[in-house]
Amino acid sequence: MTKLQFDAIIIGSGQAGTPLAFKMASKGKKVAFIEREHLGGTCLNVGCTPTKTYVASARRMWDAQHGEELGVMIPNGAKVDLQKVKARKDALIKGSVDGITAGVEKNENINFFKGEASFSGHKTIQVNGEQLTAEEIYINVGGRAFIPEGFEGVDYLTNQSILQLEKLPEHLVIVGGSYIGLEFGQMFKRFGSKVTIIERGPGIISREDEEVSEHIYNFLKDEGIDFRLNASCLSGRQNADGTITVKVDCEQGPPEITGSHLLLAVGRTPNTDSLNLEATGVQSNQRGYIQVDDYLQTNVEGIYALGDCNGKGAFTHTAYNDYEIIAENKFDGKNRKVSDRILTYGLFVDPPLGRAGLTKREALEKGFSLLEAKRPMSRISRAKEKGETKGFMSAIIDAKTNKILGASVLGVGGDEIISSILNLMYADAPYTIVRDSVQPHPTISELIPTMLEGLTEVS
Ligand SMILES: Cc1cc2nc3c(=O)[nH]c(=O)nc-3n(C[C@H](O)[C@H](O)[C@H](O)COP(=O)(O)OP(=O)(O)OC[C@H]3O[C@@H](n4cnc5c(N)ncnc54)[C@H](O)[C@@H]3O)c2cc1C
Ligand SMILES: NC(=O)c1ccc[n+]([C@@H]2O[C@H](COP(=O)([O-])OP(=O)(O)OC[C@H]3O[C@@H](n4cnc5c(N)ncnc54)[C@H](O)[C@@H]3O)[C@@H](O)[C@H]2O)c1
């Protein structure tokens, strides 16, 4: 069979593959662009965009129920119409997907293939019965929800299917108390569902420092979410009445929990299993993540892996940065590397968490001598004025260099405020630059300099 020849093949239209296809095409390269499901990938269709749209609806519901504290008497009876929440989300996504689709269709250098790609030989891809080849192949296949054993025959939900619901779950049981479980848990509780979160670890979001984990646990518990910690979720059972029972191995509480719906949020798995990587000799690790160097190249010259599937990031901004690394090194003569990136992300519970750099635990494990700055939101005027005093902000500083190694801003605006600390970290400047700065009043950020005036040694 004749192979269709391209300058580049891009597998997956995620946060890296999509901009890369347009960039390559703008440089006159003939590109084969392959997507098996939705154009725009996880973030746009079943990840960031829909969840943050729902978080906004959940927040509006919360505001409607909590006016009285601020002297605003809102009549009782606020109700969430999940059909309308979903319709708003669907319209928002459609606008973006339509934009990408139109851009792909009218681009003469992009040949779009709607289908599942896999390797059939050295630098050869098969899709929809066609064979394609190129000297450069970019793999951007992302990941999907990991489904543990024991849930066969159970009508469980994932991050994807839960976003299709049009009727509110009466009792949503969530297995996994981490980023996905907590965001969905809080929004559905605010929408009006009963929510139980089962987490295997002794605390939620185990990658965070204990203090962050405890604060979020406490405010979610105060909102009425039930938690089962130290609880391994062993299996699920579909009942005749449509409910689902989850068998829980736990020191405390009943051994089973029955709910109307079950969301599995126990991590992600890369979509590399169907790529037949062996056919071209690309190596992946035991968990299926493709191994790449600092420039995102695999062990096979000319084949690159970008985004979640390379295991070097798990966020939209890290996938997009992978695109920038490839594009700017290739076309702009730059020398950008994955290792230049500082870890940062938000957790969009309300109030949100903004994170940058190392946690305190990680910094201590790495042997740094640490200074710590911390300030509770309850001691920040603007937070008090807003009536939103949950959380705190903190930073850890290398005692030898005075550079900030990491920061957490958990509280109102934390997802935005973190950037001011992140920018200082990118500038590689000492914390004293911000400590001695003047910030506008009244803001949460104006207390960052004050926070940095009171450092304590971490032992
Ligand atoms: C519920 C949820 C909420 C999230 N919220 C946030 C957030 O707030 N902020 C944040 O930064 N990140 C968030 N993330 C993570 C973010 O969505 C991902 O990190 C990001 O989408 C990764 O992009 P990517 O480019 O690696 O690939 P993806 O966006 O996953 O795209 C990969 C694409 O490849 C396609 N594909 C796979 N295999 C093949 C094949 N063999 N052939 C053809 N096509 C294929 C897939 O269909 C998919 O469209 C969230 C994730 C989830 C699940
Ligand atoms: N705000 C954001 O940027 C955002 C939001 C959502 C998701 N994401 C991305 O999605 C990724 C995946 O998130 P996630 O929350 O699904 O996974 P995760 O890997 O962060 O956490 C999975 C959780 O499930 C628990 N668990 C595993 N098996 C269990 C069992 N049998 N019983 C009970 N608990 C069990 C683990 O202890 C862990 O706390 C994140 O790493 C993140 O990169 C990002």
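In this text, all values refer to a predicted model and were calculated from it rather than measured experimentally.

What follows deals with the site of ligand 2. Near ligand 2 lie 27 residues; those nearest to it are Gly176, Ser178, Cys233, Gly267 and Ala314. Contributing elements (two or more residues each) for the shell around ligand 2: helix H5 (179-191), strand S11 (231-238) and strand S17 (344-347). Of the residues forming the shell around ligand 2, the biggest block, four residues, is contributed by H5. Two domains each provide a minimum of three residues to the shell around ligand 2, namely domain 2 (161-266) and domain 3 (344-454).

So, on to the sheet that holds strand S10 (residues 226-228). Two strands in a sheet stick together by hydrogen bonds in their backbones, pointing the same way (parallel) or opposite ways (antiparallel). Sheet architecture is open: four strands sit in the order S10-S9-S8-S14, paired in parallel fashion. Here the strands that pair on one side only, and so sit at the sheet edges, are S10 and strand S14 (261-264). The sheet shows a mean angle of 20 degrees between the axes of neighbouring strands, taken without regard to direction. Judged from the three bridges that link them, strand S9 (residues 194-198) and S10 form a sheet pairing that is parallel. If you follow threonine 196 over to S10, its bridge partner there is aspartate 226.

Once that is clear, we can look at the domain arrangement of the protein chain. Under the domain assignment used here, the protein chain contains domain 1 (3-145 + 269-340), domain 2 (161-266) and domain 3 (344-454). For domain 2 and domain 3, the distance between their C-alpha centroids amounts to 29 Å. Domain 2 puts eleven residues into the contact, and the matching count from domain 3 is 13 residues. Counting only elements with at least two residues in the side of domain 2 that touches domain 3, the list comes to H5 and helix H6 (210-222).

Let us look at the nonpolar core. Within the largest apolar cluster, 77 residues are counted, with the highest numbers of intra-cluster contacts made by Ile174, Ile198, Ile216, Val246, Leu263 and Leu264. Once residues within four sequence positions are removed from consideration, leucine 264 is found in contact with Ala145, Ile147, Phe151, Tyr156, Thr158, Val175 and Gly176.

Thresholds, definitions, all that
- Residues numbered from 1 in each chain as written.
- Chains lettered and ligands numbered in written order.
- Predicted model: local features only at pLDDT ≥ 70, side-chain atom pairs only at ≥ 80, totals over all residues.
- Near = placed C-beta within 6 Å.
- Helix = DSSP H or I, 4+ residues; strand = E, 2+ residues; numbered from the N terminus.
- Domains from an automatic or database assignment.
- Pairing = 2+ DSSP bridges.
- Axes fitted to C-alpha atoms, helices over the stretch in contact; angles between N-to-C directions.
- Contact = placed C-beta atoms within 7 Å.
- Core = buried A, V, L, I, M, F, W, Y, C linked by C-beta atoms within 7 Å.
- Buried ≥ 20, exposed ≤ 12 C-beta atoms within 10 Å, placed from the backbone.

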